[in-house]
Amino acid sequence: MTINYEYHDVTASESLEQYAEEKLKMIFDHYDFVIRADVFFKTENTSSDDTGMKCGIRLSAPGPRLFAESSHENFREAISDTVSELKRQLQKRKEKMKTH
């Protein structure tokens, strides 16, 4: 399980990395074909108070890379939302792998 973190206009945080690793561990355990995850944290200036803390995750697996991104008022919500989207994408990928 290899996870790389990148921060853009955000201070590196051990607690954020632990939370992201905890969420991604479920993906690595359930989908053994996932090799690596790249996690991106960045802040944006937005007009809404409900967005601005952005998390993007790119997964390396057989076939095209999977990517999901979400923006919320805090990074923990953004991580959870992004991981949920990746789970949906992985389920579709797994179903396609079974048919061949």
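Just so you know, these numbers come straight off a predicted model, no measurement behind them.

## A closer look at the pattern of salt bridges
- As enumerated under the stated definition, the model contains six salt bridges in all.
- With its nearest N and O atoms 3.1 Å apart, the salt bridge here joins lysine 25 to aspartate 29. With lysine 25 and aspartate 29 both in helix α1 (residues 14-30) and four residues apart, this pair spans about one turn of that helix.
- Residue class for lysine 25 comes out partly exposed when judged on its relative accessible area of 41%.
- By relative accessible area, which is 53% here, aspartate 29 ends up exposed.
- Between lysine 54 and glutamate 44 there is a salt bridge whose closest N-O contact spans 3.0 Å. Of the two residues, lysine 54 is situated in strand β3 (residues 53-60) and glutamate 44 in the loop between β2 (36-43) and β3; the sequence distance between them amounts to 10 residues.
- The class of glutamate 44 is partly exposed, set by a relative accessible area of 35%.
- Shared partners join several salt bridges into a network, and the residues in it are Arg36, Asp38 and Arg58.

## Topic: α1
- Its 17 residues place the ends of α1 25 Å apart at the C-alpha level, agreeing with the 24 Å of an ideal helix rising 1.5 Å per residue.
- At leucine 24, α1 shows its maximal bend, which comes to roughly 25°.
- Within α1, the full set of buried residues consists of Leu16, Tyr19, Ala20, Leu24, Ile27 and Phe28.

## Considering the packing of aromatic side chains
- As enumerated under the stated definition, the model contains three aromatic pairs in all.
- Ring geometry for tyrosine 7 against phenylalanine 41: centres 5.3 Å apart, planes inclined by 25°, an arrangement best described as stacked. In this pair, tyrosine 7 is assigned in strand β1 (residues 2-8) and phenylalanine 41 in strand β2, connecting sequence segments 34 residues apart.
- Since its relative accessible area comes to 0%, phenylalanine 41 is described here as buried.

## Observations regarding the side chain of arginine 93
- Among the secondary structure elements, arginine 93 is positioned in helix α2 (residues 75-99).
- Glutamate 95 provides the closest opposite charge to the buried, unpaired arginine 93, separated from it by 11 Å.
- Those residues in contact with arginine 93, other than ones at most four positions away along the chain, are Phe33, Ala61, Pro62, Gly63, Pro64 and Leu66.

About the cut-offs
- Position numbers for residues start from 1 in each chain and track the written sequence from start to end.
- Under the rules for a predicted model, residues below a pLDDT of 70 receive no local features and side-chain atom pairs below 80 are neither given nor counted, while totals for whole chains, interfaces and linings still include all residues.
- Water and hydrogen atoms play no part in the side-chain values, which are based on all heavy atoms of the structure.
- By definition, a salt bridge exists where a carboxyl oxygen of Asp or Glu is found within 4 Å of a side-chain nitrogen of Lys or Arg.
- In this text, helices come from DSSP runs of H or I with a minimum length of four residues, and strands from runs of E with a minimum of two, each type numbered from the N-terminal end.
- Each residue is placed in one exposure class: buried if its accessible area under a 1.4 Å probe, protein chains only, is under 20% of its type's maximum, exposed if it is over 50%, and partly exposed if it falls in between.
- The span expected for a helix works out to 1.5 Å for each residue beyond the first.
- Working definition for bend: take the seven residues up to and ending at a residue and the seven starting at it, fit an axis to each, and measure the angle between the axes.
- Centres within 6.5 Å are what make two rings of Phe, Tyr or Trp a pair, Trp counting through its six-membered ring; a difference in plane orientation under 30 degrees is then read as stacked, over 60 as edge-to-face, and the rest as tilted.
- The charge count treats Lys and Arg as positive and Asp and Glu as negative. His and the chain ends do not count.
- By definition in these notes, contact holds between two residues if any of their heavy atoms fall within 4.5 Å.

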